[in-house]
Amino acid sequence: MATVEVRDLRKRYQDFLALDGVSLRAESGQLVTLLGPSGCGKSTTLRCLAGFLEANGGEITVDGESILGVPANRRGFGVVFQNYALFPHMTVAENIGYGLKIQKLPKAEIDTRVHDAMKLVRLDGLATRLPREISGGQQQRVALARALVLKPKLLLDEPLANLDARLRDEVRWLIRDLQQQSGITAFYVTHDQSEAMAMSNMVAVMKAGRVAQFATPREIYQKPTERYVADFTGEANFITCSSVTPLAEGRYAITAAGATLELNGVPGITGPAELLLRPEALALTTPEAGTFQGTVSKSAFLGAALRFEITLADGSVLKLTPEPNHPVEAGQKVGIAIDQSHAWLMPEVAP
Amino acid sequence: MMRNPKLLLAIPAIALIFVFMILPITNIFEMSFRTPGQSEPFGDDYTMMHYDRILGDAYYWGVLGRSLLTAGVVTLLCLIVSYPIAWHMSKAKGLKAVFLYACIASPLMTGVLVRNFGWMIAAALNGPLNETLMALGLIERPLRMLFTQGLVILALVHVFVPFMVLPINNALRNISPTLIEAASSMGATRREVFRDIILPLSFPGIYPGMILVYVLAVAAYVTPALLGGQMVSYMPTLIIGELTGTFQWPFGSALAIVLSLSTILVVGVFTALTARLMEWSKA
């Protein structure tokens, strides 16, 4: 339907640089997530896309054509706001049909499309209620239907932030299903990495007004380009390498915490490097069989898993969550086996 | 004795309302049925003659109509003048907001007599208003503004603007900016956003503003008396004339009751007509 591209977008508020050259691309029908902590510029990017904010530099194109000069009401982005922004003086049906009414469509067509949209988000029977008379989850679905009914490109600004955990999960899948069914190009802002992982075709991890990494969820998680990305996308262990020898493009031999390994990493590392080990790449074994040896410094039973912190000989600490049925006490010597295909080498300073 | 201590706290308020509102109104109501007195303000017997006289005389209907209509015009003009001011104020922050509040409240900071004498000087034949208009070449000869209905309306709008601006400003401040963004992302132009979102959602401010200004305008006495002169009569001038000029307390009271009931009727009809909008727009 529409390919949206953001190139080198800049936005300055007085003396604060909110966006410092953001570049992104959503292919037609893709859902692209902007992931990052508050203040990283993800909402600002979304507001520039919607046309609520004017960028100070850069370019936004839809199907190759610039939309920077197009006002918000003609950009064709449906927006779902964090606080839903439902019109309090209009019924559910009027809220959903507002955009169609603005287009001056015949009343019969508006009614049909509103009815269909309400069915899609399971709001049947609530047409004549006012927003304040329905629950938060229902309000959220009205906001979604209202944005979807115009069949536009979609912008979602932390749409699940105000829902409780159970509803959040439900609405998350609803959004993903609807977006895929209708083939709508969508941008989704969140600070929740599991939401980003589960829903997106592509994730842009943002850091202080820049995109730290723009890649698929799998790459973001397994092959981060820097420690910031690895930290933000899930639990991670880092071990500083004492020596790094490049073997081929993106392939290295390293020494870390007394062990020698061969593994993949970010191409072109020359300086100091860190070994990234996700907890699921690690397994507990006997001291002799392990790649690393260490002492259990903390141990906790979580029900479905155990949780250990293990201090290695060089003082680095590894966190891992093994199966629950190997009781290990704090102070015990253990070995740690590594799934080398899931180990990853990153430069200490991003290239 | 007193079971509920909360009621104790209400006693001062109840006493105040009783002494300064219930008692006088009851008194006026009762007075309006008294026979006219010979050498004192009212007689000993009761009669319907005052109401018969008012309702049977086109003159009083005319004055009542003029009072209610003028107040309506003042209210509408106030609304038109105040809305943009309130809009501007609702966007202001910090010192600018404080400054704007002070400007808006300034008509209320002048005494009612001083303000109206000011208007008399400003609107005189050789006053600054006429001189300015002539200097600008807009008129050739001075306009007679003093003692016209137009000047009364102008002066009333001037002093009642704050009562309209403040509640509307309040209502506008309560409209979340994301509603406006949401509407524009759905394709609404600025005009449509105003018509469909801002105007209806500011109604909780428009309504009290209009009621307040209307009631104040109907009851305004000093401004019509000073700036309207002898030529145009309004109900309050007539009532005061009966009470303090000719000392016909019963007849003056009956006029006051008629004016009050008419005002209540107008406000009631307005409230009924807008009840649905009010119910929907209270966010």
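All figures in this text were calculated on a predicted structure; none of them were measured in a lab. (Residues numbered from 1 in each chain as written. Chains lettered and ligands numbered in written order. Predicted model: local features only at pLDDT ≥ 70, side-chain atom pairs only at ≥ 80, totals over all residues. Heavy atoms only, no water.)

Comments concerning the overall build of chain B
Counting secondary structure elements, chain B contains 13 helices and two strands. If you line up chain B on its principal axes, its C-alpha atoms span 75 × 70 × 35 Å. Taking all 283 residues of chain B together, 42% fall into the buried category. When the accessible area of chain B is evaluated, it comes to approximately 16,100 Å², of which 72% is carbon and sulfur surface. Here chain B contributes 17 positively and 13 negatively charged side chains, and the mean placements of these two sets differ by 15 Å. (Helix = DSSP H or I, 4+ residues; strand = E, 2+ residues; numbered from the N terminus. Buried < 20%, exposed > 50% of the residue type's maximum accessible area, 1.4 Å probe, protein only. Areas by Shrake-Rupley, 256 points an atom, 1.4 Å probe, with all protein chains shown as cover. Lys, Arg positive; Asp, Glu negative; His and termini not counted. Charge placed at Lys NZ, Arg CZ, Asp CG, Glu CD.)

Some words on the packing of helix H3 (residues 58-91) of chain B against helix H4 (residues 94-105) of chain B
Residue and element names in this part refer to chain B. Between H3 and H4, the shortest axis-to-axis distance is 9 Å and the interhelical angle comes to 155 degrees. The angle between H3 and H4 places the two elements in the roughly antiparallel class. In this structure, H3 uses Ile85, His88 and Met89 to contact H4, whose residues at the interface are Lys96, Leu100, Tyr101 and Ile104. Taken together, the residues of the contact of H3 with H4 sort by class into five nonpolar, one polar and one charged. (Axes fitted to C-alpha atoms, helices over the stretch in contact; angles between N-to-C directions. Parallel < 35°, antiparallel > 145°, perpendicular 65-115°, else oblique. Contact = heavy atoms within 4.5 Å. Nonpolar A, V, L, I, M, F, W, Y, C, P; charged D, E, K, R; others polar.)

Side note on the packing of helix H8 (residues 177-185) of chain B against helix H9 (residues 190-201) of chain B
All names here are of chain B. For the pair H8 and H9, the least separation of the axes is 10 Å and the interaxial angle reads 155 degrees. What the angle tells us is that H8 and H9 run roughly antiparallel. Handedness of the H8/H9 crossing: right-handed. Between H8, through Leu179, Ile180, Ala183 and Ser184, and H9, the contact on the second element is made entirely by Val193, Ile197, Ile198 and Leu201. Residues that form the contact of H8 with H9 fall into these classes: seven nonpolar, one polar and no charged. (Left-handed = near helix turned anticlockwise from the far one by under 90°.)

As for empty space enclosed by the protein
Going through the model one piece at a time under the given rule, you end up with two cavities of 30 Å³ or more. If you add up the space inside the largest cavity, you get close to 60 Å³. A:Tyr221, A:Gln222, A:Leu276, A:Arg278, A:Glu280, A:Ala281, A:His342 and A:Trp344 together form the lining of the largest cavity. Considered class by class, the residues forming the lining of the largest cavity number four nonpolar, two polar and two charged. Around the second largest cavity, the lining residues are B:Ser67, B:Thr70, B:Ala71, B:Leu156, B:Ala217, B:Val218, B:Ala220, B:Pro224, B:Tyr234 and B:Pro236. Counting residues per element, the ones that place at least two in the lining of the second largest cavity are H3 and helix H10 (203-219) of chain B. Of the residues forming the lining of the second largest cavity, the biggest block, three residues, is contributed by H3(B). (1 Å grid on protein atoms, 1.4 Å probe; cavity = no way out; pocket = protein on both sides within 12 Å on 5 of 7 lines; lining within 4 Å. Points joined across faces, edges and corners; volume = space filled by probe spheres on them.)

Comments concerning the UniProt feature "domain: ABC transporter" (unreviewed entry) in chain A
With numbering matched to this structure, UniProt assigns "domain: ABC transporter" (unreviewed entry) to residues 4-233 of chain A. Helix makes up 37% of residues 4-233 of chain A and strand makes up 26%, while its end C-alpha atoms are separated by 25 Å. (UniProt positions renumbered as here; feature names shortened; annotations may be inferred.)

Brief notes about the pairing of strand E19 (residues 317-320) of chain A
As a general feature of sheets, a regular strand has side chains that alternate between the two faces. Only one face of E19(A) is covered, namely the one carrying A:Leu318 and A:Leu320; the face carrying A:Val317 and A:Lys319 has none of its residues buried. Here strand E18 (residues 306-312) of chain A folds back onto E19(A), and the loop between the two strands holds four residues, one of which, A:Gly315, carries a positive phi near 95 degrees. (Pairing = 2+ DSSP bridges.)

Points about the interface of chain B and chain A
Often the size quoted for an interface is simply the accessible area lost on bringing the parts together. With 22 residues of chain B at the contact, the number on the chain A side is 25 residues. Each partner contributes to the roughly 2,000 Å² buried at the junction of chain B and chain A, and carbon and sulfur atoms together form 62% of this total. By the criterion of area lost to chain A, the three top residues of chain B are B:Glu181, B:Met186 and B:Trp280, representing 35% of everything that side buries. Residue A:Lys104 is joined to B:Glu192 by a salt bridge in which the shortest nitrogen-to-oxygen separation is 3.7 Å. Summed over the shared surface of chain B and chain A, the result is six residue pairs in polar contact (both at pLDDT 80 or more). (Buried area = accessible area lost by both parts, 1.4 Å probe. Salt bridge = Lys/Arg side-chain N within 4 Å of Asp/Glu carboxyl O. Polar contact = N/O pair within 3.5 Å; in protein donor to acceptor, adjacent residues only side chain to side chain.)

What to know about the sheet that holds strand E13 (residues 251-256) of chain A
All names here are of chain A. Taken in spatial order, the three strands line up as E12-E13-E14 in an open sheet, and their pairing is antiparallel. In this open sheet, the two strands that pair with only one neighbour each are strand E12 (243-248) and strand E14 (259-264). Adjacent strand axes in the sheet meet at a mean angle of 20 degrees when their direction is disregarded.

Considering the nonpolar core
Of all hydrophobic cores here, the largest spans 141 residues; its most connected members are A:Phe87, A:Ile96, A:Tyr98, A:Leu144, A:Phe187 and B:Ile197. At 13 residues, helix H7 (residues 149-173) of chain B tops the list of elements feeding residues into this core. What A:Ile96 contacts, discounting residues up to four positions off in sequence, is A:Val114, A:Ala117, A:Met118, A:Leu123, A:Val142, A:Ala145, A:Arg146 and A:Val149. Of all hydrophobic cores here, the second largest spans 35 residues; its members include A:Ala257, A:Leu320, A:Ile338 and A:Leu345. (Core = buried A, V, L, I, M, F, W, Y, C linked by side-chain atoms within 4.5 Å.)

Focus: the pattern of salt bridges
Under the criterion given, the structure shown has 22 salt bridges over all chains. A:Glu5 is paired through a salt bridge with A:Arg7; the nearest N and O atoms lie 3.5 Å apart. Exposure remark for A:Arg7: the relative accessible area of 40% places this residue in the partly exposed category. Residue B:Glu181 pairs with A:Arg47 through a salt bridge whose shortest N-O separation is 2.7 Å. Taken together, the residues B:Glu181 in helix H8 and A:Arg47 in helix H1 (residues 42-50) connect one chain to another. By relative accessible area, which is 26% here, A:Arg47 ends up partly exposed.

Examining the environment of A:Pro37
Within the secondary structure layout, A:Pro37 lies in the loop between strand E3 (31-35) and H1. Ignoring sequence-local partners within four residues, the contact set of A:Pro37 consists of A:Lys42, A:Met206, A:Tyr228 and A:Phe232.

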